[in-house]
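Now for the letters of each chain:
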Amino acid sequence: MASLRSTARIARPADEVWKTVSDAAGISAWFPGIEAATAADGTRSCTLAGGHQLQEDVVNVDGELRRFQYKITGGMPVEYHLGTVDVLEDGPDSTLVVYSTEITPDGLADLMGPSIEGGVQGLKAHLEGSS
């Protein structure tokens with residue numbers, strides 16, 4: 001199993017960052033390559049560039065820990081996937097976002113790594129650009 005992690009410090013309060021991260025359907029506003037997303041009943045469907053569809057199960061939205069977790073269930077040849085976004089307070093107006101992914105087969109890490117890093121940087125640009 002491959003493990004990946006990307007981080008970013010965002011110059012916004014943790015509650016504001018959490019509000020964005022925990023909005024499952026709002027991911028298209030900040031994650032590059034996701035053109036649209038819908039979420040209902042614990043599932044999220046993402047339309048990627050070129051019309052490709054990705055299906056996910058939202059497995060945890062913990063407001064106390066500020067942790068969002070999901071599994072890819074369709075649209076990619078994964079055997080196992082767990083994505084975790086932790087939003088950690090890092091001062092009154094600063095947040096550390098840690099985006100971790102576990103994925104099998106290991107070869108998908110080469111595809112997912114740059115995508116996850118792009119997502120973290122997209123979240124930072126989205127939130128810091130909206131001051």
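Residues numbered from 1 in each chain as written. Predicted model: local features only at pLDDT ≥ 70, side-chain atom pairs only at ≥ 80, totals over all residues. Heavy atoms only, no water.

Participant: Is there a simple way to explain the pairing of strand S4 (residues 53–62) in this structure?
Facilitator: Every other side chain in a regular strand lies on the same face of the sheet, so the side chains alternate between the two faces. Bridge analysis of strand S3 (residues 43–48) against S4 gives five bridges, and the strand direction is antiparallel. Within S4, the position partnered with Arg-44 by the bridge is Glu-56. Between S3 and S4, which pair antiparallel in sequence order, lie four residues; one of them, Gly-50, sits at a positive phi of approximately 85°. Relative to strand S5 (residues 67–74), S4 runs antiparallel, the two sharing seven bridges. Bridged to Gln-55 within S5 is Gly-74. Taking the residues that link successive antiparallel strands as the turn, the S4-S5 hairpin has four residues, and the phi of Arg-66 there is positive, at about 55°. (Pairing = 2+ DSSP bridges. Helix = DSSP H or I, 4+ residues; strand = E, 2+ residues; numbered from the N terminus.)

Participant: Hey, could you run me through the sheet that holds strand S6 (residues 80–89) in this one?
Facilitator: In a beta sheet, neighbouring strands pair by backbone hydrogen bonds and run either parallel or antiparallel. Taken together, seven strands build an open sheet; the order of strands is S1-S7-S6-S5-S4-S3-S2 and the sheet is antiparallel. This sheet does not close on itself; its edge strands, each paired only once, are strand S1 (2–10) and strand S2 (34–40). When the angles between neighbouring strand axes are averaged without regard to direction, this sheet yields 20°. Docked against the sheet, helix H1 (residues 14–21) engages S1, S4, S5, S6 and strand S7 (95–104), running at close to 155° with respect to S6. Those strands touched by helix H2 (residues 109–128) are S1, S5, S6 and S7, and its axis lies near 15° from that of S1. (Axes fitted to C-alpha atoms, helices over the stretch in contact; angles between N-to-C directions. Contact = heavy atoms within 4.5 Å.)

Participant: I'm lost on H2 in this one. Help?
Facilitator: Each full turn of the α-helix corresponds to 3.6 residues, which orients residues three or four apart in the same direction. Helix length check: H2 (20 residues) gives 28 Å between terminal C-alpha atoms against 28 Å at 1.5 Å per residue, within 8%. What H2 keeps buried is the set Ala-109, Met-112, Gly-113, Ile-116, Gly-119, Val-120, Gly-122, Leu-123 and Leu-127. In this structure, the buried residues of H2 make contact with S1, H1, S5, S6 and S7. (Expected span 1.5 Å × (residues − 1). Buried < 20%, exposed > 50% of the residue type's maximum accessible area, 1.4 Å probe, protein only.)

Participant: For this particular structure, what's the right way to read the side chain of Thr-104?
Facilitator: With respect to the secondary-structure elements, Thr-104 resides in strand S7. Filtering out sequence-adjacent residues up to four positions away, Thr-104 remains in contact with Met-1, Val-78, Glu-79 and Tyr-80.

Participant: What's the story with the side chain of Thr-95 in this structure? I'm lost.
Facilitator: Relative to the assigned elements, Thr-95 resides in strand S7. Assessed through its relative accessible area of 0%, Thr-95 is described here as buried. Thr-95 has contacts with Ala-8, Arg-9, Ile-10, Arg-12, Pro-13, Ala-14, Val-17, Val-87, Leu-88 and Asp-90, leaving out every residue within four places of it along the chain.

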